[in-house]
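Residue-level structure breakdown
Here is how the chains run, residue by residue.
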Amino acid sequence: MHKPKLGIQGPVVAWQDPWAGEASDLIMRTGTGSVCPSQDPRPEPGAFVNSLRELGTDFYVHHVLPGTDHWDVVADITAAGMDICLGNEYGNINGPWVEGTNRYDIPDQAIVEASTSGRCLGLLYDEPEHLQINVQQYRKDGWFPHWGSTEGLSLAEARSKVEQSVRSRTEHVSRIVEQAGLASTSVPLIAEHVFPTMFHTFARAGMDLCPKIMKESFQSLQLSTALGAAKQYGRALWICADLWGPDTGRWFTRFPGFPGHSPQEFESALKMGYFMGPTHLFVENIDVLLRLKPEGFRKTEFGEVWLEFVRKFIPEHPLTWHHSQAEADIAVIHSDDSNYGQNERLFGNRTSQKPDITQSQSVFHIWHLLSRGTIPAHGSCLHIPGYDFPRHQLKQDVPLDQFPLEQGYAGGTGRRVHPLFYPMSNVLAFDEYVTADQLGQPKLIIVGGTTLSTNTFSMLTKKAEDGAVVVIADWLLPPNCPEHRKKSGRAGFGGWIVTNDFMASEVKEAVEPFIGENKIWTQRFGSTEVRMYPQDEEGFTLDYEIVRV
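Just so it is clear, the structure is predicted and the values come from calculations on it, not from any experiment.

So, on to the packing of helix α9 (residues 263–275) against helix α10 (residues 301–316). Two numbers describe how α9 lies on α10: the axes approach to 9 Å, and their chain directions differ by 35 degrees. Considering the relative orientation of α9 and α10, their crossing is right-handed. Of α10, the residues touching α9 (which contributes Pro263, Phe266, Glu267, Leu270, Lys271, Tyr274 and Phe275) are Glu301, Phe302, Val305, Trp306, Phe309, Phe313 and Ile314. Of the residues contributing to the contact of α9 with α10, the split by class is 11 nonpolar, no polar and 3 charged.

Structure representation (structure tokens):
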């Protein structure tokens, strides 16, 4: 049996950090660009730790406040029998930043203090892909990408530069932890992603992976990509159930977009994340689960959902699989281009040396095809043209000093934009370096993006000869490609389709037998298949079925 560790991330607007006190209200604690005063009184550390224990918490994700002593929080959390994970988000927002970047690295001494407790699970890097691409999200005084400048580099060079920078940091943390007398791998760096990009680059450089679910993701695309990267590079898979999001409704609301998902969607998302077999699953943030009143902590409707999930759902649904057992019936192979639909600033590069956008966008066409047209063909998350977030209307209509809203917000159009369900049929995504062993035995392999390694191309020809159907972009064929591989046709026991358009009728006909029905999303782990169905008409909630195959 496998049981993920369950965690909760600390407050950002609900109350002051129990250990830092008033210092919390002096910095920006959210990505909204302003200081948000706390809404509830500050709890004493003991009362706060007890609330975590009552919620069934295995580990606490602590927002490190730059310049403060972190030992008290580590000592109190570990004394209560919980683990701790240190997050860098506050430093990313406020500084101090590593020279030439917009990145805050937790100081060595704090890492050593936490790691020697024996209960530090790792260092959580908040949205490092976002801050490499959208460089001025927080820091406004220049152009300082998260992992260093990529100006003037080709796409492949920029990708390599980011990978090398990440590897330098993972190796540094390993060294200082080892010098403290612990195993060098005992305090991993975890990349927490809002966009389904750079999973493979970070995994290749030594980071564990943490896709955000809910948030503004297309869930099946986000998880297929993260699962594939974790499998390819042998990394742990964390999952963050992020309650920030686009929607509004008649539910307890701390802030515009927080939560941007209904309690019912939260319940479905927790089950969805759990059934992916992650090593760790945590909620961002505790603000939505609890209110602090004079008589003590009181659970919101979201807190009730969490407690039901921890106390009842998990014991009644033990996992017999693990994320590392994920298997693909359909494999997507594409170079990691960092493009989620913005079509610029790839890996933080502003210069005019851009790749062929048609090639870069080919990945979006593949996901559109595999989701039966439900995922748009021009991007891989909701931060693309065509989406108007209801939370923007809430921000205009309700002054911040009126929050929290106990009964939520019923204004605006009432139309929500973020369902959980997008159909997919046992899909995993790999990068251009994937090997035959990592790929497994998919029946359909679709290859897009801007580049492909020579070794992977050779492997794909063998897969086709052994019986797989391979659909490959014509621009990815190597210069010395054999003539019979430059055109579509039979390939041994399989098929070989060369295209310059993944939306072409020839491609659609070839993939139709493999992509499943339009009302089911499946993810297979060994001999177990998780089947997810839309519970409501639009798929804001899900039904689940576990099947042995």
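What follows concerns the packing of aromatic side chains. Taken as a whole and assessed by the stated rule, the structure comprises 27 aromatic pairs. Put simply, the rings of Tyr274, Phe275, Trp306, Phe309, Phe313, Trp321, Phe525 and Tyr544 touch in pairs and so form one group of aromatic residues. Directly above the ring of Phe144 sits Arg139, whose terminal nitrogen or CZ lies 4.0 Å from the centroid. Positioned above the aromatic ring of Phe540, the side-chain terminus of Arg416 is 4.2 Å from the ring centre.

If you look at the biggest cluster of nonpolar residues, it comprises 155 residues, and the most contacted ones within it are Phe266, Trp306, Phe309, Ile472 and Trp496. A per-element tally of this core places α10 first, with 8 residues. Formed by 11 residues, the second largest nonpolar core is a distinct cluster that contains Val61, Leu121, Ile190 and Cys240.

With that settled, the discussion passes to the layout of surface pockets. Rolled over the atoms, a probe with the dimensions of a water molecule shows which regions are left empty. There is about 630 Å³ of room inside the largest pocket. The element best represented in the lining of the largest pocket is helix α12 (residues 390–397), accounting for 3 residues. Considering only residue class, the lining of the largest pocket consists of 8 nonpolar, 9 polar and 11 charged.

Cut-offs and rules
- Residues numbered from 1 in each chain as written.
- Predicted model: local features only at pLDDT ≥ 70, side-chain atom pairs only at ≥ 80, totals over all residues.
- Heavy atoms only, no water.
- Axes fitted to C-alpha atoms, helices over the stretch in contact; angles between N-to-C directions.
- Helix = DSSP H or I, 4+ residues; strand = E, 2+ residues; numbered from the N terminus.
- Left-handed = near helix turned anticlockwise from the far one by under 90°.
- Contact = heavy atoms within 4.5 Å.
- Nonpolar A, V, L, I, M, F, W, Y, C, P; charged D, E, K, R; others polar.
- Phe/Tyr/Trp six-rings, centres within 6.5 Å; stacked < 30°, edge-to-face > 60°.
- Lys NZ or Arg CZ within 6 Å of the ring centre and 35° of its normal.
- Core = buried A, V, L, I, M, F, W, Y, C linked by side-chain atoms within 4.5 Å.
- Buried < 20%, exposed > 50% of the residue type's maximum accessible area, 1.4 Å probe, protein only.
- 1 Å grid on protein atoms, 1.4 Å probe; cavity = no way out; pocket = protein on both sides within 12 Å on 5 of 7 lines; lining within 4 Å.
- Points joined across faces, edges and corners; volume = space filled by probe spheres on them.

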